[in-house]
Amino acid sequence: MATRLKTIEYYLDEMDSISDNTDTNFNQITIDIPESSPDFRSVTLEIMWHDASTVTNNTSRRQLSVQLGSAGYTSVNNTNTITQSGEDIWLQFAANFTAYFNTNWSGTSMTFDARALIDSAATAPIIRAITCKVTVTYAYDDTSTTHIKTVRIPLFGSYGALTTSKPGTPNATIPLFDTWLPEDSVSIKHMAVVIQGNEESAGTVDMSMTMQIDALTSRTTPLHEKGRATSSWYRHTWNQNSLDTSTSHEFYLWASVTDFDHPQVWMIVTYTFNATNTTTVMNSLILPMEFDSPAGGPTSSDWQRAWRDVWIEEPGTITIKETAIFIHYEQRAAVSGLNARMATDSFHAITSVGTVVAGGCGFMLPGGQGLFSLSRGKNTGYADIYRTDTTDLVWNISSWWMLNYTSGKATDGVGAHNHTVIRNLFTHDTVNADNNCTTPAVSPSIPETNWFMNSCGLNYQYLTNTTGNPTGISIQVERLTAEGGIKWEQIYNDSADSDPEVGIRQCWATARKVFFRWPGDPGEERIAIQTDRRYKVYTAFGANAWDHLDLYMTYHSITFTASGTVTGSAGGTVEIGLYRTTGEKVLSTSRSGNGVYSFTWYDNTATLFTEAIEDSTHLGRSNDALAS
């Protein structure tokens, strides 16, 4: 038996509208957790909605309530006012329900109800397009035969405006999931299409978008209010739990007007499978990757590049599947000559027309499957961005990879594979907007004894209040007294030049350089991620915001052994170091005199060597070799 950690996600059906100041239920769903002994580490519920009133107004209250089975509802109520900035707006609210799940969960599945109350101060409030996501992270006993997981599949990312009628050819193909998902006895529990982006609107005509699967099933979103010609960050979802998974499907997306530019579109699929009989595994990862701002330019030969490494240790054939990079950034107004590419692809021109921007901006670069390959060991993916604009330079640029690949099954089971765990550190709950958020001390514990941190990063989503204009974002983590503190280590620090309007913004930050990468990591300046410590978020220039901070950890627990024998010792203490052939020391141990030494290591594709030192005359080096 091993205790392991995972994250699953569900989207509840989007509600087209709700009445003001009225508790309204989303459609009920069932949450499945087939593994035994779940210990909930983080459960959050997050809603996003459109304030579609034609009259500017504040939002004085929002409340979220949840119920498992018949356990009774519990609620989180925030009565701090969101103050309008005079534009068309989309808003966000999130709450933490971890304690409720630990108290009330039983069995292997339970019905889940959620309801939302939003109180707008408008004389004629119009509350539209309410989406709701539940993110559940828990520890579990991996000896269970049936497991569950969530995978994400990029569908479509345009570079310009959507067409105003159904495209002649599909925008994307939804895979034939019965074969795309390779595990044994797959049973899909939840599927949803997710669309998000910044409207990039220059017009005042109310607009909607229409999604269609094949020739018949379609959905048109509620209207986006455009009376003030505002470009806002939005989200829509479309649940597909009855989709026929024995065939592939054509996906179409179009808009009522031409002002929807470069949306980010993907699917999530949450499914159970027989972990015992599985031989081929789908590995679905989220990997943060930030750029150094501003964007490159002002010429096409002067781009800015970001990259990230991922180590793949699963056995068998490694096959990359649908993959994409999601890029987020800030702009004050329309940007001229914005271009981006993934890996060896050509640059794509990203349309930018919004002049009043209420929230962050973003686009998606799909196509990793055809642009690079994956193999066991170290892999590197990269992307480039530039603009020709000499006024709006594009700041606060960050991104995340949606990476999918199949592999054989590790000896220690599917739970040992690379997987991404989402741990909420802080959310809105009952707090007020601020420009200086310090979280309670939190320890995102990893239950496995041996682990290799492929990626450790943060996603910071912030809803700005009134006309405060954040000119910079800083995210820090506490170094304790015993670690050479107290001081605050920088995780993310970037300038942000945006239109000072109320809106939803975000950034993604890599934090692997701050924390130990594996047990016994000799990095002297690193700190342990599994220690109670606080995190800080600052929005500069006095810009108050509601903060939602999630930690994303992608790690595996696949191990190998690097060993050897000390000979020629004088009988004293022999200090032994394990090194990559690049010269980086990765582990250390010691023994007395001659005999065998052994290291647990996390890769068998890159050569290693050991150095043994007893004194100035008793020292030696091994041959280069692979762990086995």
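Here is a short report on the structure shown in this document. Remember, predicted model here, so these are calculated numbers, not experimental data. For every chain, the first residue of its written sequence is number 1, and the numbers climb from 1 along that sequence. This being a predicted model, a pLDDT of at least 70 is required before a residue's local features are given, and a value of 80 or more before pairs of side-chain atoms are given or counted; all residues contribute to the totals for chains, interfaces and linings. To obtain the side-chain values, all non-hydrogen atoms of the structure were included, while hydrogens and water were left out.

Concerning the environment of Tyr 579
Secondary structure elements follow DSSP: runs of H or I no shorter than four residues count as helices, runs of E no shorter than two count as strands, and numbering proceeds from the N terminus. Summarising the element assignment, Tyr 579 is placed in strand 37 (residues 573-580). It is 43 Å that separates the C-alpha atoms of Tyr 579 and Pro 298, two residues lying 281 residues apart in sequence. By definition, residues are in contact when any of their heavy atoms lie within 4.5 Å. Apart from residues no more than four positions distant in its own chain, Tyr 579 is found in contact with Glu 584, Lys 585, Val 586, Thr 607, Leu 608, Phe 609 and Glu 611.

Re the packing of aromatic side chains
Two aromatic rings, taken as a pair, are described by how far apart their centres are and by the angle between their planes. Aromatic rings from Phe, Tyr and Trp, taking only the six-membered ring of Trp, are treated as a pair when their centres fall within 6.5 Å; an angle between ring planes under 30 degrees marks them as stacked, one over 60 as edge-to-face, and anything in between as tilted. Tallied over the full model, the rule gives 26 aromatic pairs. Pairing Tyr 234 with Phe 260 gives two aromatic rings, centres 5.6 Å apart and planes at 75°, and the pair type is edge-to-face. Taken together, the positions of Tyr 234 in strand 15 (residues 230-239) and Phe 260 in the loop between strand 16 (249-255) and strand 17 (264-274) put the pair 26 residues apart, joining distant regions of the chain. A residue is classified by how much of its surface remains accessible, and Phe 260, at 0% relative accessible area, is buried. Each ring, one from Trp 303 and one from Phe 347, has its centre 5.8 Å from the other, and the planes form 55°; the classification is tilted. One end of the pair, Trp 303, is in the loop between strand 18 (280-290) and strand 19 (304-312); the other, Phe 347, is in the loop between strand 22 (339-342) and strand 23 (348-349), and 44 residues separate them in sequence. Burial classes: relative accessible area under 20% of the type maximum marks a residue as buried, over 50% as exposed, and values in between as partly exposed (1.4 Å probe, protein chains only). Of the residues examined, Trp 303 reaches a relative accessible area of 33% and is grouped as partly exposed. Above the face of the Tyr 140 ring, Lys 6 is positioned so that its terminal group lies 4.6 Å from the ring centre. Criterion for a charge above a ring: Arg CZ or Lys NZ at most 6 Å from the ring centre, at most 35 degrees from the ring normal.

Some details on the state of the cysteines
Put simply, a disulfide is two cysteine sulfurs that come within 2.5 Å. One pass over the full model with this rule turns up zero disulfides. Of all cysteine sulfurs in the structure, the one in Cys 437 sits closest to Cys 507, which takes part in no disulfide; the separation is 13 Å.

A few points about the sheet that holds strand 9 (residues 127-141)
Strand pairs in the sheet, formed through backbone hydrogen bonds, run parallel or antiparallel to each other. What the four strands build is an open sheet, ordered 1-9-4-7; its pairing is antiparallel. Two strands bound the open sheet, and with one partner strand each, they are strand 1 (3-18) and strand 7 (89-96). Pairs of neighbouring strands in the sheet enclose a mean axial angle of 15°, with direction left out of account. In short, DSSP must find at least two bridges between two strands for them to pair. Relative to strand 9, strand 4 (residues 36-51) runs antiparallel, the two sharing twelve bridges. Bridge pairing in strand 9 links Phe 40 to Tyr 138. Note on geometry: axes are C-alpha line fits, over the in-contact stretch for helices, and angles between N-to-C directions span 0 to 180 degrees.

Looking at the sheet that holds strand 10 (residues 146-156)
Here five strands make up an open sheet; going across it, the order is 10-17-12-15-24 and the pairing mixed. Each end of this open sheet is capped by a strand with a single partner; those strands are strand 10 and strand 24 (356-358). Strand after strand, the sheet turns through a mean of 25° between neighbouring axes, direction not considered. Pairing of strand 15 with strand 24 involves three bridges; the strand directions are parallel. Counted as the bridge partner of Ser 232 is Ala 358 from strand 24.

Examining the environment of Ser 248
With respect to the helices, strands and loops of the structure, Ser 248 is situated in the loop between strand 15 and strand 16. Remark: the alpha-carbon pair of Ser 248 and Pro 175, spanning 73 residues in sequence, is separated by 4.9 Å.

Side note on the side chain of Arg 580
Tracing the chain through its elements places Arg 580 in strand 37. Any N or O atom pair separated by 3.5 Å or less is treated as a polar contact, with the protein-specific requirement of one donor-capable and one acceptor-capable atom, and with residues adjacent in sequence counted only for side-chain atom pairs. One polar contact links Arg 580 to Glu 584, side chain to side chain, over a distance of 2.7 Å. Leave out the neighbours within four places in its chain, and Arg 580 touches Trp 311, Phe 452, Trp 518, Val 586, Trp 601, Thr 607, Leu 608 and Phe 609.

Thoughts on the environment of Ser 120
Summarising the element assignment, Ser 120 is placed in strand 8 (residues 109-120). The buried category is assigned to Ser 120, whose relative accessible area is 7%. With 69 residues separating them along the chain, Ser 120 and Asp 51 place their C-alpha atoms 8.3 Å apart. Among the polar contacts listed, one links the side chain of Ser 120 to the backbone nitrogen of Ala 122, at a separation of 3.2 Å.

A look at the pattern of salt bridges
By salt bridge we mean one thing: a side-chain nitrogen of Lys or Arg within 4 Å of a carboxyl oxygen of Asp or Glu. On inspection of all chains with the given rule, the structure shows 29 salt bridges. Here Asp 23 ties to Arg 115 by a salt bridge, and the two come within 3.2 Å at their closest N and O atoms. Of this pair, Asp 23 sits in the loop between strand 1 and strand 2 (24-25) while Arg 115 sits in strand 8, and the two are 92 residues apart along the sequence. By relative accessible area, Asp 23 is classed as partly exposed at 32%. The residue Glu 199 makes a salt bridge to Lys 226 at a minimum N-O spacing of 2.6 Å. Here Lys 226 lies in the loop between strand 14 (217-220) and strand 15 and Glu 199 lies in the loop between strand 12 (184-198) and strand 13 (209-213), a separation of 27 residues in the sequence. Of the two residues examined, Glu 199 and Lys 226, each falls in the buried class. When salt bridges that share partners are traced, they join Glu 9, Glu 46, Lys 133, Arg 152 and Arg 235 into one network.

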